[in-house]
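What follows is the residue order along each chain.
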Amino acid sequence: MSDPADAGGSSGGNETGSTDREYVDRAIELAEEAVEMGNTPFGALIVLDGEIVAEGHNETLSEDDLAAHPELTLARWAGRELDADERARCTMYASTEPCPMCATGIHYAGIGRVVFGVAGETLDELTGDVVSIPCAEVIRRAGSETAVEGPIAEAAAMELHESVYGDESADGES
Ligand SMILES: [Zn+2]
């Protein structure tokens with residue numbers, strides 16, 4: 001179905017459009033939008049058959065909802081709006097590796113593939129409050145068919161996290 005988009009490089013000539021890296025870059029843009037709206041820096045989107053069919057960003061603070069992570073919101077959306085075959089053909093792109101809660105939602109939704117920008121473990125080195133059980137570990141132990149790939153955009157994703165969380169800790173020290 002999809003092109004060998006993670007081949008590295010920047011050929012840009014894929015028949016079906018964007019590469020994995022371009023979609024993750026879009027997820028990072030969505031994470032920036034989350035911050036602009038007063039939320040934490042996480043974004044995600046779903047691609048089905050070469051098209052973005054849903055986008056979301058973190059809304060935990062604006063909605064006062066601890067479960068309003070974009071990956072879980074999108075998994076629930078997919079469960080409502082897509083049939084099982086379509087969900088199996090979906091790739092979810094996330095700016096940061098989905099947490100165990102979201103990984104479980106992705107498993108329940110039967111999303112075929114997940115690609116993320118930076119590992120939760122790497123973010124945890126900055127914030128210390130990530131539940132850093134790898135998404136692939138949750139998926140494996142759930143017995144899920146979902147393929148998990150990443151990190152593929154560590155520097156770009158961490159730049160945003162550092163701009164948000166790095167400043168906070170600097171303020172705390174002053
Ligand atoms: Zn999550």
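Data block above holds the structure.
All values derive from a computational prediction rather than experimental measurement. (Residues numbered from 1 in each chain as written. Predicted model: local features only at pLDDT ≥ 70, side-chain atom pairs only at ≥ 80, totals over all residues.)

Caption draft 1: Local environment of the sheet that holds strand β5 (residues 147-149). Strand order in the open sheet made by the five strands is β2-β1-β3-β4-β5, with mixed pairing throughout. Taken across any chain shown, the strands that pair with only one partner, and hence form the sheet edges, are β2 (51-57) and β5. Between one strand axis and the next, the sheet turns through 15° on average, direction left out of account. In terms of strand pairing, strand β1 (residues 43-48) meets strand β3 (residues 90-96) through five bridges, oriented antiparallel. Paired with Leu-45 across the bridge in β3 is Tyr-93. (Pairing = 2+ DSSP bridges. Helix = DSSP H or I, 4+ residues; strand = E, 2+ residues; numbered from the N terminus. Axes fitted to C-alpha atoms, helices over the stretch in contact; angles between N-to-C directions.)

Caption draft 2: Expanded view of the packing of helix α2 (residues 70-81) against helix α4 (residues 100-109). Direction vectors running N to C along α2 and α4 enclose 15°, while the axes themselves pass 8 Å from each other. The pairing of α2 with α4 is recorded here as roughly parallel in orientation. Like other packed secondary-structure pairs, α2 and α4 cross with a definite hand, here left-handed. On α4, the residues that touch Glu-71, Leu-72, Ala-75, Arg-76, Ala-78 and Gly-79 of α2 are Met-101, Cys-102, Gly-105, Ile-106, Tyr-108 and Ala-109. Broken down by class, the residue content of the contact of α2 with α4 amounts to eight nonpolar, two polar and two charged. (Parallel < 35°, antiparallel > 145°, perpendicular 65-115°, else oblique. Left-handed = near helix turned anticlockwise from the far one by under 90°. Contact = placed C-beta atoms within 7 Å. Nonpolar A, V, L, I, M, F, W, Y, C, P; charged D, E, K, R; others polar.)

Caption draft 3: Just the environment of Pro-70, in detail. Take Pro-70: it is sitting in helix α2. Classification of Pro-70 as buried rests on a count of 29 C-beta atoms within 10 Å. In contact with Pro-70, not counting residues within four places along its chain, are Phe-42, Gly-43, Ala-44, Gly-56, His-57 and Asn-58. (Buried ≥ 20, exposed ≤ 12 C-beta atoms within 10 Å, placed from the backbone.)

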